[in-house]
Amino acid sequence: MIYIVPTKRGVGCELWGTYEDLFNLYEVIGKFWNDQNQANIKGLENRDQLISGFSYEIRKAKEESRLTRTHSHFFHESIPYFGVQISWVHFLFSLTAIKFNMRIYETNKFDVSTILQLEFWLERAMVSFDQTGGEKLAGYISDGIYAGNPYVYQFMRSINLDFFKFGGGKIAFRKLPQLMQRSVYLTEEYNEYLSFLTGEAKRLNCKIDDLELSDEEFDYEGIKW
């Protein structure tokens, strides 16, 4: 059984499952990105860049390269479980991008049920960490994030970094719903960041898609989840 629990400091969540659970999840996600036949669709490459990082973490968990347990959090039956830590921001954006791409590709009931399962457990993890912040943040699971944004990957990276800088904890967690306003189409925060990206691309004489986040000074390895 795939399930999700919050990390200790609420910087993100832990996604857990057996090898078979993670294998199936990885296969489902793989159906909705990296299709060269759809390369001409506007924004698809940017969403693929976002989903690829999420898919990579699922694969590493499946390969026992992230977190391991001898049993699940809910049952003591001795069955190996494997997990991975993913930030709330990365998870929300990735889930939104996957669901947007599911409109393009053929899906079946298993695909839909797998994504619904992620949505259920993600909301449960949010609320279990902090009900006040979780209920506000949960709205971004089904609505809010503009998945048609052709620069959705750059937006995710910027919000993710700003959230990491809060340092975790419930106070930081309760700030995240407002920070996520940057992902909502035509909000003041969205327009400001798009204007920033446009200006940077012009200054550097490149495409917005080619811009990289200036985060060299941030210690990602030192994050206390």
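Scroll up for the structure.
Novice: Lay out the environment of Thr198 in plain terms, naming residues and giving numbers.
Specialist: For Thr198, the location among the structural elements is in helix H9 (residues 188-204). The class of Thr198 is partly exposed, set by a relative accessible area of 42%. For the pair Thr198 and Leu211, spaced 13 residues apart in sequence, the C-alpha to C-alpha distance is 9.9 Å.

Novice: Describe in detail the environment of Gly30, supporting the description with residues and values.
Specialist: In this fold, Gly30 is placed in helix H1 (residues 19-30). Taking C-alpha positions, Gly30 is 7.4 Å from Ser55, a pair spaced 25 residues apart along the chain.

Novice: Before we move on, can you summarise helix H7 (residues 152-165) with the specific residues and values?
Specialist: If you check H7, its first and last C-alpha atoms are 20 Å apart, about what 14 residues at 1.5 Å a residue would give, namely 20 Å. The buried count for H7 comes to twelve of 14 residues, which makes it a mostly enclosed element. Every buried residue belonging to H7 is among Val152, Tyr153, Gln154, Phe155, Met156, Arg157, Ser158, Ile159, Asn160, Leu161, Phe163 and Phe164, and all of these are buried. Where H7 terminates, the next one or two residues include Gly167, which has phi positive at roughly 90°.

Novice: Any chance you could break down the nonpolar core for me, citing the residues and the numbers?
Specialist: Membership of the largest hydrophobic core comes to 66 residues, with the highest contact counts inside it found for Leu15, Trp88, Phe93, Leu122 and Met180. Among the elements that make up this core, the one with the highest residue count is helix H3 (residues 88-101) (eight residues). Not counting residues within four places of it along the chain, the set of residues in contact with Leu15 comprises Ile2, Tyr3, Ile4, Leu22, Leu25, Ile58, Phe82, Gly83, Val84, Phe91 and Leu118.

Novice: Could you give me a rundown of the sheet that holds strand E2 (residues 12-17), with the residues and numbers involved?
Specialist: The four strands lie next to each other as E1-E2-E4-E3, forming an open sheet whose pairing is antiparallel. The sheet is open, and its two borders are formed by strand E1 (3-6) and strand E3 (67-69), each paired with just one other strand. In this sheet, adjacent strand axes meet at a mean angle of 30° when their direction is disregarded. Note: E3 against strand E4 (residues 81-87), three bridges, orientation antiparallel. Bridge pairing links Thr68 to Phe82 in E4. Strand contacts of H1: E2 and E4, with the helix running at about 110° to E2, the strand carrying the most contacts. The sheet strands contacting H3 are E1, E2 and E4, and the helix crosses E4 at an angle near 95°.

Novice: Would you mind going over the packing of aromatic side chains in detail, with residue names and values included?
Specialist: For the structure on display, the rule yields 21 aromatic pairs. On the basis of an interplanar angle of 40° and a centroid distance of 5.6 Å, the ring pair of Phe74 and Trp121 is categorised as tilted. Within this pair, whereas Phe74 is found in the loop between E3 and E4, its partner Trp121 is found in helix H4 (residues 109-129), the two being separated by 47 residues in sequence. Given the relative accessible area of 8%, Trp121 is considered buried.

Rules behind the numbers
- Within each chain, residue numbers correspond to sequence positions counted from 1 in written order.
- For a predicted model such as this one, the threshold for reporting local features is a pLDDT of at least 70, and the threshold for listing and counting side-chain atom pairs is 80 or more; totals across whole chains, interfaces and linings nevertheless cover every residue.
- For the side-chain quantities, the full set of heavy atoms in the structure was used; hydrogens and water were omitted.
- Secondary structure elements are defined from DSSP: runs of H or I of at least 4 residues count as helices, runs of E of at least 2 residues count as strands, and each element is numbered from the N terminus.
- Any residue under 20% of the maximum accessible area for its type is buried, any over 50% is exposed, and the rest in between are partly exposed; the area is computed with a 1.4 Å probe on protein chains only.
- Given a helix with a known number of residues, its expected span is that number minus one, times 1.5 Å.
- Working definition of a nonpolar core: buried Ala, Val, Leu, Ile, Met, Phe, Trp, Tyr and Cys residues. They are joined through side-chain atoms within 4.5 Å.
- Any two residues having at least one pair of non-hydrogen atoms within 4.5 Å are treated as being in contact.
- Two strands qualify as a pair provided that DSSP identifies no fewer than 2 bridges between them.
- A fitted line through C-alpha atoms represents every axis, and for helices the fit uses only the stretch in contact; the resulting angles, taken between N-to-C directions, go from 0 to 180 degrees.
- The rule is short: rings of Phe, Tyr and Trp, with Trp giving its six-membered ring, pair when the centres are within 6.5 Å, and they are stacked under 30 degrees, edge-to-face over 60, tilted in between.

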